[in-house]
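# Working through the structure, step by step
This is what each chain is made of:
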Amino acid sequence: MLKRLLMGSALAAAMAPVTASADGHYDGVVINILTRPGPVIAGRIVERGAEFTEMTGAEIRVAEVPFAELFQKILTDWATGTNSIDVGVFASGWGVELVSGGLVQSLDDYIAADDKIDLQDIAPYFRDFNQKVSGETYFITLDGDFQMLYYRTDVLAEAGLEPPKTWEEYLTVAEAIHGKDMNGDGEADYGSCIFKKRNAQSYFAVQSMAASRVQSKGTAEGLYFDPETMKPKINNAAWKKAFELYKATGEFGPADELNQDIGDTRALAIGGRCGLMIDWGDIGPLSIEEGSQIRDKVGAVIMPGSSEVLDVATGELVACDANICPHAVDGINYSPFAAFGGWTAAISSTADDVKKQAAYDFLSYMNQAAQSNVDVTMGWTGYNPYRNSQLENTAAWVEAGFSQDSAENYLSAIKESLNHPNMASDFRIPGAQQYTGVVLDREVARYLAGEVTVEQALENIEEGWEEITEDFGREEQSAIYSLSLGITN
Amino acid sequence: MDQWLDKHMGRLFLAPAVVLILVFSIFPLVASLILAFSRIRFTGGGFRMRFAGWRNFDKQFFGSEQFHLLGTFGPLSIIAWIVGIAATVALIWWMYRYCRTHFTMFGFVGRLITFSMAVCLVWLFAGTLLNGRAFGTVGTTLFYVVIGCGIQFVIGTALAFACSQHIAGSRTFRVIFFVPMMITPIGVGYIFRMLADTTKGPFSGVWQWVGLGNWSWATDPWAARIFIVIADSWQWIPFVFIMMLAAFESVPKDLNEAADIDGAGKWMTFREIIWPQVLPIAATVMLIRVIEAFKIVDLPNIMTSGGPGIATESVSLQSYYAWRSLDLGSASAIAYILLFITVVICVSFFNLVVLARVRAKP
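With that settled, consider the sheet that holds strand β10 (residues 298-301) of chain A. Residues and elements named next belong to chain A. One open sheet accounts for four strands, arranged β8-β9-β7-β10; its pairing is mixed. Edge positions in the sheet fall to β8 (190-193) and β10, since each has one partner strand and no second. Each strand axis lies, on average, 15° off the axis of its neighbour in the sheet, ignoring direction. Strand direction decides the pairing type here: strand β7 (residues 148-152) and β10, joined by four bridges, are antiparallel. Within β10, the position partnered with Leu149 by the bridge is Val301. Contacting β7, β8 and β9 (274-279), helix α8 (residues 167-177) runs over the sheet at an angle of about 145° to β9.

Before going further, it helps to spend a moment on the pairing of strand β3 (residues 87-91) of chain A. Residue and element names in this part refer to chain A. The buried count for β3 comes to five of five residues, which makes it a mostly enclosed element. Bridge count for strand β1 (residues 30-35) against β3 is two bridges, and the pairing is parallel. Of the residues in β3, the one forming a bridge with Ile33 is Val87. For β3 and strand β14 (residues 343-347), the ladder comprises five bridges, and the chain directions are antiparallel. Note on β14: the bridge partner recorded for Val87 is Ile347.

Glancing now at the nonpolar core. With 152 residues, the main nonpolar core has Phe243 and Trp465 of chain A as its most contacted residues. Take this core: its biggest share by element is eight residues, from helix α9 (residues 202-214) of chain A. With residues up to four places along the chain from it excluded, the contact list for Trp465 of chain A reads Tyr224, Phe225, Pro232, Ile234, Phe427, Tyr435, Val439 and Leu440 of chain A. Core analysis: the next-biggest nonpolar cluster, separate from the first, contains 45 residues, Val138, Met244, Val285 and Ala293 of chain B among them.

Let's shift gears to the interface of chain A and chain B. Listed by partner, the interface residues are 32 residues for chain A and 40 residues for chain B. For the pair chain A and chain B, the summed buried surface comes to about 3,200 Å²; carbon and sulfur atoms form 49% of the total. In terms of surface lost to chain B, no three residues of chain A exceed Arg198, Asn259 and Asp471 of chain A, which account for 18% of the buried area on that side. Viewed at the interface, chain B and chain A are joined by six salt bridges. Taking the shortest distance from any N to any O, the salt bridge between Arg442 of chain A and Glu65 of chain B comes out at 2.9 Å. The interface formed by chain A and chain B includes 20 residue pairs in polar contact (both at pLDDT 80 or more). Elements represented by at least two residues in the side of chain A that touches chain B include exactly α3 (67-79), α18 (432-448) and α19 (454-472) of chain A. In terms of residue class, the side of chain A that touches chain B is made up of eleven nonpolar, nine polar and twelve charged.

Thresholds, definitions, all that
Residues numbered from 1 in each chain as written. Chains lettered and ligands numbered in written order. Predicted model: local features only at pLDDT ≥ 70, side-chain atom pairs only at ≥ 80, totals over all residues. Heavy atoms only, no water. Pairing = 2+ DSSP bridges. Helix = DSSP H or I, 4+ residues; strand = E, 2+ residues; numbered from the N terminus. Axes fitted to C-alpha atoms, helices over the stretch in contact; angles between N-to-C directions. Contact = heavy atoms within 4.5 Å. Buried < 20%, exposed > 50% of the residue type's maximum accessible area, 1.4 Å probe, protein only. Core = buried A, V, L, I, M, F, W, Y, C linked by side-chain atoms within 4.5 Å. Buried area = accessible area lost by both parts, 1.4 Å probe. Salt bridge = Lys/Arg side-chain N within 4 Å of Asp/Glu carboxyl O. Polar contact = N/O pair within 3.5 Å; in protein donor to acceptor, adjacent residues only side chain to side chain. Nonpolar A, V, L, I, M, F, W, Y, C, P; charged D, E, K, R; others polar.

Geometric descriptors of this kind do not, in isolation, establish any biological role.
Next comes the structure, spelled out in structure tokens:
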């Protein structure tokens, strides 16, 4: 009995959330975290880790592997019982496969005992969707991700143009400003900058372009499959148009755009060489970094939309009306795409109890408003807003270097996207990385390179997705996909 | 005890090497063969594995990955038919001549394998490249092997021959020529990616000057392949150079002097005296390079990520990408296909080119 009481007391002490005192109650505990190479994402974990060590005694070790190998490393480590990783920081969508394998620790009990995380301050999309699988919380959000359209306010104003509302307008605006000197270096600059490199992030951009044509009935409609049959909704006129638009933007981009990843296009954007850009929330904070050519010259808006959307029955595009596009504004259907879903952290289910508690306390510490509201204002961290307090309060942004107007513009674009009832969710089923990172990515690259026609690319994707679905089990995939669409904002 | 040791000493000395080979070569080979016929899914508590028969191979040759490994096929053009039939007839004639002149059962089986591989590759190229369609990773890998190794051999041998002559400064150049080989392939990839950047690289001014400022090698399939071959050659020419330099320097000087006294010119001395002496080493160097070149993975991965499309993706890189997405069955199947191609081509090269030359020596 005494033993049980002692154990219960120890567990209760361990479950108490971290306080900012140097009590050293985790002395000797080492938490191994695996994520992508820094300084983006990893860098801030290291810095916050040092603070956490000072407060609690727990040592935070951050290991880094290339982005493309991250998920595999975590999955094989946890599945094979190697257990060299206690916490994985990755895309929330990948986590469903880990959860389905029983590899991730449920965090509901830890959250219930945590009075500092303030879950209600986290935007509903991330709180109820990104952090959860089948209603249970498995992940802690560190970064809120979805794509937006950025534009050069000075360049568009000079050309007498408004930010594009549709993808067709995007091409018109890009063409009109392409070749202008946008940073005063005497060189012609680019109307549009979108990452198109294979094995990088190009498959996110094409999904952003497809979303407003494929999904019109709300988040629950989904972008990818018929939830009942798991038949892919890919080989149709909506995706075809998206592929064609994506390729067409290359006319107004850098010559080597096919070999540019997000780092390359961001460097061009910050160097003042791009008129229009697609990116996650990072461009805003990066625009105020030292050396930026676009401080207070960049605006953000919700991703462009479409006046015609997919008729699933025929596979053709039909004009929007009140019934077909209930969320349309002025006849234009918008569907901001939650690309990647954000960097989230998960704790291995096989870690020992003390490590789990220490790991949770550290993740809670990073997620708490006191820390995260500062982190999201710094471009180099790679963290984008995901808490309401980060979106409502412009003071932190102004203090970080934004002008009041820029901060309001940036945050209003995020709010508009984040609260949109037709927000498109990224893949959140087992095999997510294979569906998109392998099959979709490869066919997009082949189409952009002219190896295949758009029709062939879409047929290949359909065939590849069917193979993956069969491999993972159609019924299981159907059930998880349906669940993943169950929550709307 | 001493007697026992004397009797078994040979085995005892061999044992560590045998164990190492078993653990690090044979076991992975067998394990990957099992994987090639399986489907694996990682899950809690380990992984689930099920027998998949030939499915992983079938997918590569006839299924959804055919375009990736072999290329995109279509109705053959006139040129493709002509080249395909001409090459096939030539290969049949070669087999026929062998059967009429030197027939042995062992040699026939070996040549039949070589013949089958050659016919398959001929029609692979006829059906894809000569047909105006994209070829797959097998074609790209063979391009790296044939063109890359050819360039490396010619330049490396020429440099080695030059340095084997007593020219002022040749010692300094020996060190300089050797430096690229000491850099990791990943480093070479990043260096060349940076050097060849037409918009931001150090030679961007040159690109602008020749009117290619708005052109990028990375977006053109053939230009991208050629740039990878250039980077690969930059790294591997030193290997050919150092091996051939040793070969040239091992040629007895008295043979050269005798040829000189007999009035042979420089070219005749090289052709009749030096080249036959270094030929076995040259063939071995080429063989090592060809085997290595089949495994090229770092440069296309770093410089282009296999793009544009799949234009620069090698078979090894395709296998790596499959492994990275945890499709271990496909990754192993692709690796075995590469192993088969490499073994057949290298053994054929050794038997039909190297041994034939060595046997033909007076």
